[in-house]
Amino acid sequence: MRFVNPIPFVRDIGRSKAFYQDILGLRVLEDFGSFVLFETGFAIHEGQSLEQTVWREATTSQEPYGQRNLLLYFEHEDVDAAFAEIGPRVKLIHPVERQAWGQRVFRFYDPDGHAIEIGEPQNPGCPENFDNS
């Protein structure tokens, strides 16, 4: 068995697809209408459609799916350049900050309120590789 990817539920597939393409620069690999797979392996699924598939009924709620219990993590070689491009176009949680483990990241929300983190590449388990200045 192997883990493949998380699939966040989204209210408006077109709005979310545009967000991930236009704001984060992800390229669409497959677009099946209610399900979009990006080249990175990240995917989104129209929520009511997926609710119907999984639970055999869709909720009527229009609340955002993001519930402050999931963080979607991406990396960028130049986190400052990514912040300069993305930061003004999103609802920020915080600008670029150095974390306790040494990595520099910034966080913001997607259109459904899912928290997204963009960090500089790191070598897992090796925080000593980061400059602490």
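Above this text you will find the structure in question.
Fair warning: this is a prediction, and the values are worked out from it, not measured in the lab.

Draft legend 1. Highlighting the sheet that holds strand β1 (residues 9-10). An order of β1-β4-β3-β2 is seen for the four strands of this open sheet, with the pairing classed as mixed. Looking at which strands have only one partner, the edges of the open sheet turn out to be β1 and β2 (28-31). Both strand β3 (residues 35-38) and strand β4 (residues 43-46) contribute to a ladder of three bridges, which runs antiparallel. Counted as the bridge partner of Phe35 is His45 from β4. Along the sheet, helix α1 (residues 13-23) makes contact with β1, β2, β3 and β4, crossing β4 at roughly 165 degrees. On the sheet, helix α2 (residues 47-55) packs against β1 and β4 and is oriented at approximately 85 degrees with respect to β4.

Draft legend 2. The side chain of Asn5, seen in detail. Within the secondary structure, Asn5 is located in the segment before β1. A distance of 2.5 Å separates a polar side-chain atom of Asn5 from the backbone oxygen of Gly41. Residues within four places of Asn5 in sequence aside, it is in contact with Leu37, Gly41, Phe42 and Ala43.

Draft legend 3. Molecular detail of the packing of aromatic side chains. Evaluation of the coordinates by the stated rule reveals 11 aromatic pairs. Residues Phe19 and Phe108 carry aromatic rings whose centres are separated by 6.5 Å and whose planes lie at 55 degrees to one another, so their mutual orientation is tilted. A residue pair is termed long-range when its members are at least 10 positions apart, and Phe19 in helix α1 and Phe108 in strand β7 (residues 104-109) qualify at 89 residues. Note on Phe106 and Phe108: the rings are 5.7 Å apart at their centroids and 25 degrees apart in plane angle, and the pair reads as stacked. Summarising the burial analysis for this pair, Phe106 and Phe108 share the class buried.

Draft legend 4. Quick look at the nonpolar core. Counting residues in each nonpolar core, the largest one holds 21 residues, and the members touching the most others are Tyr20, Leu24, Phe74, Ile86, Phe108, Ile116 and Ile118. Residue contributions to this core peak at four residues, all from α1. Setting aside its immediate chain neighbours within four residues, Tyr20 contacts Gly25, Leu26, Phe38, Phe42, Ile44, Leu72, Phe74, Asp110 and Ile116.

Draft legend 5. View of the pairing of strand β5 (residues 71-75). Along β5, the buried face is formed by Leu72 and Phe74; none of Leu71, Tyr73 and Glu75, which line the opposite face, is buried. Note that β5 and strand β8 (residues 115-119) share five bridges and pair parallel. Note that in β8 the partner of Leu71 across the bridge is Ala115.

Draft legend 6. Spotlight on the sheet that holds β8. The mixed open sheet is built from four strands, whose spatial order is β5-β8-β7-β6. Lying at the two open borders of the sheet, with one neighbouring strand each, are β5 and β6 (91-98). On average, each strand axis in the sheet is inclined to that of its neighbour by 15 degrees, with strand direction left out of account. Sheet topology note: the β7/β8 ladder contains five bridges and is antiparallel. Its bridge partner being in β8, Tyr109 is matched across the sheet by Ala115. Contacts between helix α3 (residues 79-86) and the sheet are confined to β6, β7 and β8, with β7 contributing the most and set at about 20 degrees to the helix.

About the thresholds
Residues numbered from 1 in each chain as written. Predicted model: local features only at pLDDT ≥ 70, side-chain atom pairs only at ≥ 80, totals over all residues. Heavy atoms only, no water. Pairing = 2+ DSSP bridges. Helix = DSSP H or I, 4+ residues; strand = E, 2+ residues; numbered from the N terminus. Contact = heavy atoms within 4.5 Å. Axes fitted to C-alpha atoms, helices over the stretch in contact; angles between N-to-C directions. Polar contact = N/O pair within 3.5 Å; in protein donor to acceptor, adjacent residues only side chain to side chain. Phe/Tyr/Trp six-rings, centres within 6.5 Å; stacked < 30°, edge-to-face > 60°. Buried < 20%, exposed > 50% of the residue type's maximum accessible area, 1.4 Å probe, protein only. Core = buried A, V, L, I, M, F, W, Y, C linked by side-chain atoms within 4.5 Å.

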